[in-house]
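If you want the building blocks of each chain, they are given just below.
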Amino acid sequence: MIITDDHMHLYNNLRLKALEQFRDAGGTHVFLVNLLCHHYGIRPKSGDDFKEVFERHINLVTKANKIVKAYAVLGVHPAEITVIGDKIGHEKAAEMMKEALEIAGKYVEEGKAVALKSGRPHYPVSKQVWQLSNEVLKHAFEVARDVGCAIQLHTESYTREGMLEIAKMADEVGLKREKVVKHFSPPLIKEFEEIGIFPSVLAGNDNVLKAAEQGDRFTVETDYIDDKKRPGAVLGPKTVPKRVKELIEMGYEDVAYKICVENVEKVYGVELEE
């Protein structure tokens, strides 16, 4: 049985042992997403400096593949606009982020990663920073369109208006809405289906069951951060296998297969094997 976690990080706590826990709980496939530059001790002066982040992440994914089937998601966390921008200026930071996204796109073209990551701040920012963030996001959509891949988004909390705005940005550059994945999604499956963006539902509480009761157009994730300061945040590595098995026990076997296999293959253009 294939069980897929759509969004997980490995940082400075359990590292690869987290994937051993995931595997032992029944997990088989995982999408590993790089963190911000400062998590790697890097202070970028240009987009080119993100290469070290990407290379280190790809090396980690290579090691992860000895435990489960792991895929690399590369990109620029939207918080970099303030983390970097507060030091060097927000406009300069935005240009750097765009350059880094283009570099990430080349890794996708080379087959070293399967998707990009971008988004916009999930915390209050100035109008200028918000505008610059949207420009970076739109550029990320252009890169995803050009290299033919999906893109995971870290954004503000869900609102229908916000998601429609993002969907229209994808339309403007010719990126299919179903290739835009809203990471950390609530279980509002029908609304996401109407909007067209693909939800990656956070597997906490009874979110997965709530989602399954509405349909099967979603994936599931833990957003496990693997930070020593917050060891179980956001959810532990065993959570997705646990929740998917609960779905099956409750008679949602077809939904479990759809969210862990068929949807993943369709969105990311990969072929999953047991």
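Further up the page is the structure itself.
Residues numbered from 1 in each chain as written. Predicted model: local features only at pLDDT ≥ 70, side-chain atom pairs only at ≥ 80, totals over all residues. Heavy atoms only, no water.

Engineer: Can you help me understand the overall build of the protein chain in this one?
Structural biologist: Within the protein chain, the regular secondary structure consists of 11 helices and 8 strands. The C-alpha atoms of the protein chain give a radius of gyration of 17 Å, which matches the 19 Å a tight globule of 274 residues would have. Its C-alpha atoms give the protein chain principal-axis dimensions of about 55 × 40 × 35 Å. For the protein chain, buried positions account for 57% of its 274 residues. Contacts in the protein chain between residues at least 24 apart in sequence constitute 67% of all its contacts with a sequence separation of at least 6. Total accessible area on the protein chain stands at roughly 12,000 Å², and carbon and sulfur atoms take up 47% of it. For the protein chain, the separation between the mean place of its 38 positive charges and that of its 44 negative charges on side chains is 5 Å. (Helix = DSSP H or I, 4+ residues; strand = E, 2+ residues; numbered from the N terminus. Rg over C-alpha atoms; globule rule 2.2 N^0.38 Å. Buried < 20%, exposed > 50% of the residue type's maximum accessible area, 1.4 Å probe, protein only. Contact = heavy atoms within 4.5 Å. Areas by Shrake-Rupley, 256 points an atom, 1.4 Å probe, with all protein chains shown as cover. Lys, Arg positive; Asp, Glu negative; His and termini not counted. Charge placed at Lys NZ, Arg CZ, Asp CG, Glu CD.)

Engineer: Looking at this structure, I do not really get the layout of surface pockets. What am I missing?
Structural biologist: The probe, sized like a water molecule, is rolled over the atoms to show the empty space still left. Considered as a void within the structure, the largest pocket measures approximately 570 Å³ in volume. Around the largest pocket, the lining is made up of 27 residues, and of these His77, His122, His154, Asp223 and Ile225 lie nearest the centre. Take the lining of the largest pocket: its biggest share by element is 4 residues, from strand 6 (residues 180-185). Classifying every residue of the lining of the largest pocket gives 9 nonpolar, 11 polar and 7 charged. (1 Å grid on protein atoms, 1.4 Å probe; cavity = no way out; pocket = protein on both sides within 12 Å on 5 of 7 lines; lining within 4 Å. Points joined across faces, edges and corners; volume = space filled by probe spheres on them. Nonpolar A, V, L, I, M, F, W, Y, C, P; charged D, E, K, R; others polar.)

Engineer: What should I look at first to understand the nonpolar core in this one?
Structural biologist: One finds Leu19, Leu32, Phe141, Ile151 and Val180 to be the most contacted residues of the largest nonpolar core, which totals 63 residues. Ranked by residue count, the leading element in this core is helix 5 (residues 90-109), at 10 residues. Other than its neighbours up to four places away in sequence, Leu32 contacts Met8, Leu10, Leu19, His57, Val61, Ala64, Ala70, Tyr71, Ala72 and Val73. Counting 34 residues, the second-largest nonpolar core is a separate cluster that includes Val114, Leu235, Val261 and Val267. (Core = buried A, V, L, I, M, F, W, Y, C linked by side-chain atoms within 4.5 Å.)

Engineer: Explanation requested: a negative patch on the surface in the structure shown.
Structural biologist: Where like charges cluster on the molecular surface, the negative patch consists of Glu193, Asp216, Glu253 and Asp254. Inspection of the secondary structure assignment puts Asp254 in helix 11 (residues 253-268). By relative accessible area, which is 67% here, Asp254 ends up exposed. (Patch = residues over 30% accessible without salt bridge, like charges linked within 9 Å, V, L, I, M, F, W, Y side chains within 5 Å. Salt bridge = Lys/Arg side-chain N within 4 Å of Asp/Glu carboxyl O.)

Engineer: Please clarify how the packing of helix 6 (residues 127-147) against helix 7 (residues 160-173) should be interpreted in this entry.
Structural biologist: A pair of packed helices is characterised by two quantities: the angle between their axes and the separation of those axes. At a closest axis distance of 9 Å, the pairing of helix 6 and helix 7 adopts a crossing angle of 50°. On the basis of their axis angle, the class for helix 6 and helix 7 is oblique. In terms of crossing hand, the pair formed by helix 6 and helix 7 is right-handed. Two secondary-structure elements touch here, helix 6 through Asn134, Leu137, Lys138, Phe141, Glu142 and Arg145 and helix 7 through Glu165, Ile166, Met169, Ala170, Glu172 and Val173. Within the contact of helix 6 with helix 7, the residues separate by chemical class into 6 nonpolar, 1 polar and 5 charged. (Axes fitted to C-alpha atoms, helices over the stretch in contact; angles between N-to-C directions. Parallel < 35°, antiparallel > 145°, perpendicular 65-115°, else oblique. Left-handed = near helix turned anticlockwise from the far one by under 90°.)

Engineer: For this particular structure, what's the right way to read the sheet that holds strand 6?
Structural biologist: Whenever strands of a sheet pair, they do so through backbone hydrogen bonds, lying parallel or antiparallel. A sheet is described by the order of its strands in space; here 8 strands give the open sequence 1-2-3-4-5-6-7-8, paired in parallel fashion. Unpaired on one side and paired on the other, strand 1 (4-8) and strand 8 (219-221) mark the two borders of the sheet. Mean inter-strand twist for the sheet, computed between neighbouring axes without regard to direction, equals 30°. As defined by bridge partners, strand 5 (residues 150-154) adjoins strand 6 across 3 bridges and the pair is classed as parallel. Bridge pairing links Leu153 to Lys182 in strand 6. Along the sheet face, helix 5 touches strand 3 (69-75) and strand 4 (115-119) and points at about 160° away from the line of strand 4. (Pairing = 2+ DSSP bridges.)

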